[in-house]
Amino acid sequence: MINNTSTPTADPARMPSAAMLPLGSISPLGWLRDQLRLQAEGLTGQLEEIWPDVGADNAWRGGHGDDWERGPYYLDGLLPLAYALSDDSLLAKAKPWIEAILASQTEDGWFGPRTNDDWWPRMVALKVLTQHAEATGDDRVAPFLARYFRYQLTNLSDRPLRGWARARGADNSLSVFWLYARTGEDWLLDLVDLIDTQTIPWNDYLGNALITGQARIFTHRTHGPNVAMGLKKGAIDWVRDGRPQHRYETERAFANLDRWHGQAHGWFSGDEWLGGREATAGVETCQVVEMMFTCEVLAATFADAIQGDRLESLAFNLLPASCDPAMRAHQYLQQATQIEVSVARRNWSYSSDDTNLFGLEPHFGCCTANLHQGWPKFVSSLWMRSADGGLRSVAYAPATVRTEVDGQAVNLVIDTNYPFEETVMITVETQRADPFPLQLRIPTWATGHRLVIDDIPTQSTVENGHVVINRSWQGRHVIELTIPMSVRIQRRERQAAAVFYGPLSMVHPLGENWIAIDGAPGLGEWEIRPRRSWNVALSDLDNAADWPVVRQSIPPQPFGLTGPRPGDGSPLMIMATGARATGWKADGAQASPPPASPVLDHGPADRIDLVPYGSARLRVAEFPVTGSWGGTDDL
Ligand SMILES: [Zn+2]
């Protein structure tokens, strides 16, 4: 029986740090490693040299430069990237930052630049320090955090969280819980409760009072990255008191965001304020990477398969689309349907004309500093400890996992080209004789799965979104998991259609002519012009499951197109049927909303090629539809 009047307790077993493996436990392989190497050789590895904001004069390193979020943001990606790749030169870059932050603490517990007293950037620095401690065991971090949290407990009443910090308090509490899991000191829970009273009640807002269209004025509640970060608030509350309502309210928040702001790729718009459901609304790169981190926290706490689905959706679609294929540059805002990348006015709530260029610092430099956490934290979160004492897959990608179960070494090798192929091979190696469970996530979009263990087909049932295999894994065993993918159609406003294949959003590519802008800062800045007209409709959706799917060998960069023909360079292409939607016109530099379907004004039947969203920087993601649909039996 549940006693609702008892004082809630924070159970360390519910905490994200109980599930997440220490930084460095998981290393990328295959296509995933290639993404991180590109990042290390591109924007992340060179950022200190090309962008003074995180150079040697940054105030977090004791200089006189930027003293707000940019230094901690950059470090929050650089550090996990360095450990994921075991890259000594990146580790050497991160070290002076860590040392400077640790050395900046004063007797009363305060730390960081003296010129900026905002609580917010310190929340990012705390995340960096806990990752550093997980990776190195540095015993200076826990007392450092304890002194700072004492300072917060003493000072927050008189100088409360405000502005960005008030929107993002859940990130502060995450680090408090990290320390609580180690010390169990109850005053830390008093701090969590105090932070809670000063943080936007996100699930109340998102579930009950969410703005139902494009935001016209700024508030912290409609700011895209704030919303992405606020969605983890329910997990923090659940860690604190264990009440199941937080899980339901979090799901209600996701559903409400999709209802009013969900775009064709499945994610809510934010340009940079919540922007409604049109496919030309924008999504900020900060929102993409913060949403990924939130999904990782939700996966660690709630352990639902849907969190892994969400994480994969971001990692395989919006994240790669946010950078150029060589990772020299990024967009501030991406559009689901993006017919050109250029300097032009677009129908966004708040962003300047250069916002969708690929460059060093289009519009504003927050994403320049923040984007680096996307891939490395995805790697760190692929596998987690499960509540039943084993290991649980959160997302599938090629990687190795070196960890332990009850102190005994367990190694996994995940050999796969997923999401471009359907089969994931998992090799388990351990000397441990006692059984332990492996939980394999079955995506919610899957209509079935096949499991073969050591060449023997194995019957398995899905419980809470996972297949649980509880047995002795002593020696070396190979699990072959196949998750069949098929074409899925999602209908949208005006009877338009969006297409999905497994975890991939599928789009029509326009061909890309990248035009370098002279005199650009950093590693370059580009506009992109299309090679073909963009206005196509799909047809015969009832037979979409029969559209041919063409797989090609995985190219060095699967998230990029290489040639003039639609599918060149794409590991996966769907040959859909459709026609030119001759009445669908551009509205300046963007597509107008799709005409109501069925469209009557169209060209002859044609093949419409579709490729993964993440590989096409120019694309159509939401399509009008020709012909009749919904059945013909009443004619
Ligand atoms: Zn940003």
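Up top is the structure these notes are about.
Below you will find a few notes about this structure. Within each chain, residues carry numbers counting from 1 in the order of the written sequence. Per-residue local features of the predicted model are confined to residues with pLDDT of at least 70, and side-chain atom pairs are confined, for both listing and counting, to 80 or more; whole-chain, interface and lining totals are unaffected and use all residues. Values shown for side chains rest on all heavy atoms present in the structure; no hydrogens or waters enter the calculation.

Some words on the overall build of the protein chain
To be explicit about the condition: Strands are runs of DSSP state E lasting at least 2 residues, helices are runs of H or I lasting at least 4, and numbering of each runs from the N terminus. Two things to know: the radius of gyration comes from C-alpha atoms, and the globule rule equals 2.2 Å times the number of residues to the power 0.38. With a 1.4 Å probe rolled over the protein chains alone, any residue whose accessible area is under 20% of its type maximum counts as buried; one over 50% counts as exposed, and the rest are partly exposed. Note on contacts: a residue pair is in contact if any heavy atoms of the two residues lie within 4.5 Å. Using a 1.4 Å probe, the Shrake-Rupley method yields the accessible areas, and only the shown protein chains count as cover for residues.
The helix and strand tally for the protein chain stands at 18 helices and 26 strands. Relative to a compact globule of 635 residues, whose C-alpha radius of gyration would be 26 Å, the protein chain shows 24 Å and is just as compact. Taking the principal axes of the C-alpha coordinates as reference, the protein chain spans close to 75 × 60 × 50 Å. Taken over 635 residues, the protein chain has a buried fraction of 61%. Within the protein chain, contacts between residues at least 6 apart in sequence are counted, and of these 72% link residues at least 24 apart. When the accessible surface of the protein chain is split by element, carbon and sulfur atoms take 50% of a total near 22900 Å².

Things to note about helix H14 (residues 245–261)
An α-helical turn contains 3.6 residues, so any two residues separated by three or four positions project in the same direction. The criterion, for reference: What a helix should span is 1.5 Å times the count of its residues minus one. Within this analysis, the arc is defined by the directions that extend from the helix axis to the C-beta atoms.
Under the 1.5 Å per step criterion, the end-to-end length of H14 is 24 Å for 17 residues, consistent within 8% with the ideal 24 Å. Along H14, the residues classified as buried are His 246, Thr 250, Ala 253, Phe 254, Asn 256, Leu 257 and His 261. Along the axis of H14, the buried positions cluster into a sector of 165°, meaning they face one direction only. Opposite the packed face of H14, turned more than 90 degrees from it, sit the exposed residues Tyr 248 and Arg 259. Tucked inside the fold, the buried residues of H14 contact helix H11 (202–208), helix H12 (224–230), helix H13 (233–241), helix H15 (285–301) and helix H16 (305–321).

A word on the pattern of salt bridges
Applicable threshold: One side-chain nitrogen of Lys or Arg within 4 Å of one carboxyl oxygen of Asp or Glu is enough to make a salt bridge.
Enumeration over the complete set of coordinates arrives at 34 salt bridges. For Asp 117, the salt bridge is made with Arg 159, and the minimal N-O distance between the two is 3.7 Å. Taken together, the positions of Asp 117 in the loop between helix H5 (88–103) and helix H6 (119–136) and Arg 159 in the loop between helix H7 (141–155) and helix H8 (164–167) put the pair 42 residues apart, joining distant regions of the chain. You can call Asp 117 partly exposed: its relative accessible area is 47%. By relative accessible area, which is 26% here, Arg 159 ends up partly exposed. For Arg 607, the salt bridge identified is with Asp 609, shortest N-O distance 2.8 Å. Assessed through its relative accessible area of 7%, Asp 609 is described here as buried.

Considerations on the packing of aromatic side chains
The cut-off we apply is this: Ring geometry is summarised as follows: Phe, Tyr and Trp rings, the Trp one being its six-membered ring, pair when their centres sit within 6.5 Å, and such pairs are stacked at plane angles under 30 degrees, edge-to-face over 60 and tilted between the two.
Summed over all chains, the structure comprises 30 aromatic pairs. Relative to Phe 420, the ring of Trp 31 lies with its centre 6.0 Å away and its plane at 70°, an arrangement referred to as edge-to-face. Taken as a pair, Trp 31 in helix H2 (residues 30–41) and Phe 420 in the loop between strand E7 (408–416) and strand E8 (423–430) lie far apart in primary sequence, 389 residues in all. Of the two residues, Trp 31 and Phe 420, neither departs from the other in class, the shared state being buried. With 5.2 Å between their ring centres and 40° between their planes, Trp 110 and Tyr 151 make a pair best called tilted. Of this pair, Trp 110 sits in the loop between H5 and H6 while Tyr 151 sits in helix H7, and the two are 41 residues apart along the sequence. Both residues of the pair, Trp 110 and Tyr 151, belong to the buried class.

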